[in-house]
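Secondary and tertiary structure notes
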Amino acid sequence: MTRIACFVEKYNFQHSREAEALHLFKLSAEQMGHRFDFIFKSDFSEIPSYDAVFIRATTDPLYTSYLVSKTAWELGLRVVDDPNSIRICANKIHQYELFGKHNIPHIPTLVISRDEIHRKQIQEVFDLFGRPVVLKAPYTSFSKYVEKVACETSFRHFAKRFSRRSDMLVVQKFVPTRFDWRVGVLNDEILYVCKYMMPNGGWKHGVKRKGKNSFRWGRTVALKKKNAPSKLKETALNACSVIGHGLYGVDIKEVDGEFIVVEVNDNPSIYRGYEDLWDRDIYEKIIRYLAA
Amino acid sequence: MFCVLVVSNIDLKADTPTAKPSTFLKSPIRDDVINVNNDYRYMKLGYYVSLHAEILGDRVIPSTKDCIDAYRTPILLLRASRGGVPTIPYLITDSPKHILKEFELPVIVFPLSPFTFNRLTVVKSKSTLYKAVRNLSSNHRYTVCAQPFYGELISCKSFFGRCYHNNRDVKDTARRVYEISKIPLCKLLIQRSKHRIYLCGLQPLNLDEITLSDMVKISRVLSCGEGLFD
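Since the structure is predicted, the reported quantities are computational estimates derived from the model, not experimental observations. (Residues numbered from 1 in each chain as written. Chains lettered and ligands numbered in written order. Predicted model: local features only at pLDDT ≥ 70, side-chain atom pairs only at ≥ 80, totals over all residues.)

So, the overall build of chain B
Across its full length, chain B holds 8 helices and 12 strands. Taking 17 Å as the expected radius of gyration for a compact globule of 230 residues, we find that chain B reaches 18 Å, a close match to that expectation. Dimensions of chain B along its principal axes, counting C-alpha atoms only, are 55 × 35 × 30 Å. Classification of the 230 residues of chain B by burial places 45% in the buried group. Relative to all contacts within chain B whose residues are 6 or more apart in sequence, the contacts with residues 24 or more apart total 63%. (Helix = DSSP H or I, 4+ residues; strand = E, 2+ residues; numbered from the N terminus. Rg over C-alpha atoms; globule rule 2.2 N^0.38 Å. Buried ≥ 20, exposed ≤ 12 C-beta atoms within 10 Å, placed from the backbone. Contact = placed C-beta atoms within 7 Å.)

Dropping the structure here:
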């Protein structure tokens, strides 16, 4: 029997489909003869009493989830997401530099320093990528801190906002598509394949509602793995191979039959009826990986 | 001859080749790199210098992993205690009640929120504990790291593990912390109680805390810096 701690925060239970998926993880683990406990930030000191830690709370090297992951890792526990994956996936600059080094096809990207944001540099960016461009904070997640900018004023506005936490920012060519592929990968194996559709009038999967703090999300359309293009699956596995062997959700755009990586996410969303629609075994596979 | 590239945002007079971070970040230089910066916090310029060197395949001090782990107090204390450096028990929580249950006052509280920089509070009363935890945890959104406060809190600058404090145990702690964390420039927080020394935390330096005499000391370490990559 493996004792598995699942690190969550209250918000993980707010969306009913996510809460249901978490309970499916617990059910699968218990059916397989393991113990599966949800632990919160106040249970930090309990980590040494477990054999494995599964992190479902949002990851970032500056959040408690990283402390959980790193502590478990240092104690020799099996961890998903491991600290190395969090370090790379949470910082898109790190990720794009690795993609460049290992020739992983990705969206044309430029890294700029906060000190370089002046008229001439902004003009050069527009000359290179055309208008609009996508400005990203390196710590972007769940469609937050990513904006489409078409003029110097909005470029400066969002660059100033994003550079509060990071001295460097990411600028990318705007590549509009109706959906992004989302490929779930665990330990170099494809777990599931979906399409993350853009909501009406949106250019990314989640669009902030005007004047509100909430987001409007596009539909999630799951596919059978065998029906997904093999080149898509190959691209996803190649992208993950430069990061690690954990659990990832790879976002990929399809442009003129070519597959280009948008980003690799650690801690990918798993909602009941969405990602698991055709692949009900993903819970069992992840638990088996944790218990290995 | 010891030969590495020193990348620094400080005006050093070392005999080794030196580059500014902005120049290095645009270069494809393949060399051993010593990143000398007052601040290696995640996503700050010092961090990106180490990241750039790692992507190029250079050996670099400090690594990005060390940059992140050194400033995260619980990770630093865990690694330090496993490396034989005396540390104090700590608690990670967002609840003052939890702290009161585990420790007697006074306690020292470190923030673990991504939005705080070089802050800590020594709390002597129950009411200030509630206020401190609320402030340092961004209204209980993040956790704090609490440790019992035994006595005197010593803050000392450490340059490549060399600390110019007059206490031998403090010097020894600085050297051992550097061996574990590999952070070239930092401020160490140490508690002294009944002639014993305990590591409490590690923080970045402000640029104005590095004096001219500090620059000479750092330059001297770099000029005779053989063995830094051992």
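Here's the deal with the overall build of chain A
Per the secondary structure count, chain A includes 8 helices and 15 strands. Its C-alpha atoms give chain A a radius of gyration of 19 Å, near enough to 19 Å, the size a compact globule of 292 residues would have. With the principal axes as the frame, chain A shows a C-alpha extent of 60 × 40 × 40 Å. Evaluated residue by residue, chain A yields a buried proportion of 41% over its 292 residues.

Remarks on unusual backbone geometry
Omega for the peptide link from B:Ile61 to B:Pro62 comes to -5 degrees, which places this bond in the cis form. Tracing the chain through its elements places B:Pro62 in the loop between strand E4 (60–61) and helix H3 (64–71). Along the chain, B:Leu105 connects to B:Pro106 via a cis peptide bond; the corresponding omega equals 5 degrees. Tracing the backbone through its elements, the reader meets B:Pro106 in the loop between helix H5 (96–102) and strand E6 (107–111). Of note, the phi angle at A:Asp256 is positive, near 50 degrees, even though the residue is not glycine.

Digging into the environment of A:Gly206
All names here are of chain A. With respect to the secondary-structure elements, Gly-206 resides in strand E11 (residues 206–208). Along the primary structure Gly-206 and Thr-220 are separated by 14 residues, whereas in three dimensions their C-alpha atoms are 11 Å apart. Beyond its immediate chain neighbours, meaning those up to four positions away, Gly-206 contacts Phe-142, Ser-143, Phe-215 and Trp-217.

Observations concerning the nonpolar core
Counting residues in each nonpolar core, the largest one holds 143 residues, and the members touching the most others are A:Ile4, A:Val53, A:Leu135, A:Val250, B:Val109, B:Val177 and B:Leu202. Top contributing element to this core by residue count: helix H2 (residues 45–56) of chain B, with 6 residues. Excluding residues that lie within four positions of it along the chain, A:Leu135 makes contacts with A:Glu147, A:Val149, A:Phe155, A:Phe158, A:Ala159, A:Phe162, A:Leu169 and A:Val171. (Core = buried A, V, L, I, M, F, W, Y, C linked by C-beta atoms within 7 Å.)

Thoughts on helix H7 (residues 168–181) of chain B
All names here are of chain B. Over its 14 residues, H7 extends 20 Å from the first C-alpha to the last, a length consistent with the 20 Å expected when each residue adds 1.5 Å. Those residues of H7 that are buried lie in contact with H3, helix H4 (73–82), strand E9 (152–159), strand E10 (162–163), strand E11 (185–193) and strand E12 (196–203). Remark: Lys-182 follows H7 within two positions and exhibits a positive phi of approximately 60 degrees. (Expected span 1.5 Å × (residues − 1).)

Details of the confidence of the model for chain B
Mean pLDDT for chain B: 92, with 97% of residues reaching 70 or above. Among the prediction metrics, the complex's ipTM stands at 0.94, with pTM recorded as 0.95. (pLDDT = per-residue confidence, 0-100.)

Regarding the packing of helix H2 (residues 64–74) of chain A against H4(B)
Interhelical geometry of H2(A) versus H4(B) gives an angle of 10 degrees and a closest axis separation of 10 Å. With respect to H4(B), the axis of H2(A) lies roughly parallel. Each of A:Leu67, A:Lys70, A:Thr71 and A:Glu74 in H2(A) lies in contact with H4(B), whose residues at this interface are B:Pro74, B:Ile75, B:Leu78 and B:Arg79. Across the contact of H2(A) with H4(B), the residue classes break down as 4 nonpolar, 1 polar and 3 charged. (Axes fitted to C-alpha atoms, helices over the stretch in contact; angles between N-to-C directions. Parallel < 35°, antiparallel > 145°, perpendicular 65-115°, else oblique. Nonpolar A, V, L, I, M, F, W, Y, C, P; charged D, E, K, R; others polar.)

So, the sheet that holds strand E6 (residues 133–141) of chain A
All names here are of chain A. Within the open sheet, the 4 strands sit side by side as E5-E8-E6-E7. Their pairing is antiparallel. Strands at the two margins of the open sheet, each flanked by one partner only, are strand E5 (109–113) and strand E7 (144–149). Taking the axes of each pair of neighbouring strands and ignoring which way they run, one obtains an average angle of 25 degrees across the sheet. Bridge count between E6 and E7: 5 bridges; the pairing is antiparallel. (Pairing = 2+ DSSP bridges.)

A word on the interface of chain A and chain B
Contacts between chain A and chain B engage 24 residues on the former and 28 residues on the latter. The element contributing the most residues to the side of chain A that touches chain B is H2(A), with 5 residues. Taken together, the residues of the side of chain A that touches chain B sort by class into 8 nonpolar, 8 polar and 8 charged.

Points about the pairing of strand E1 (residues 5–8) of chain B
Residue and element names in this part refer to chain B. With burial as the criterion, each face of E1 is covered, one bearing Leu-5 and Val-7 and the other bearing Val-6 and Ser-8. As paired strands, E1 and strand E3 (residues 33–36) are joined by 4 bridges and run parallel to one another. When the sheet's bridge partners are listed, Val-7 is paired in E3 with Asn-35. Relative to strand E2 (residues 18–19), E1 runs parallel, the two being bridged by 2 bridges. Across the sheet, Val-6 pairs through a bridge with Thr-18, a residue of E2.

Some words on the domain arrangement of chain A
Domain boundaries in chain A define domain 1 (3–80), domain 2 (89–104 + 177–266) and domain 3 (109–173). The gap between the C-alpha centroids of domain 1 of chain A and domain 3 of chain A is 35 Å. (Domains from an automatic or database assignment.)

Some words on the sheet that holds strand E9 (residues 179–186) of chain A
Within a sheet, neighbouring strands are paired by backbone hydrogen bonds and run either parallel or antiparallel to one another. Residues and elements named next belong to chain A. Spatial ordering of the open sheet is given by E13-E10-E9-E14-E15, a layout of 5 strands whose pairing is antiparallel. Strand pairing shows two members of the sheet lacking a second neighbour, strand E13 (220–223) and strand E15 (258–266), which therefore form its edges. The mean inter-strand angle of the sheet, taken between neighbouring strand axes irrespective of direction, is 30 degrees. Bridge analysis of E9 against strand E10 (residues 189–197) gives 8 bridges, and the strand direction is antiparallel. For Phe-179, the partnering residue across the bridge sits in E10 and is Met-197.

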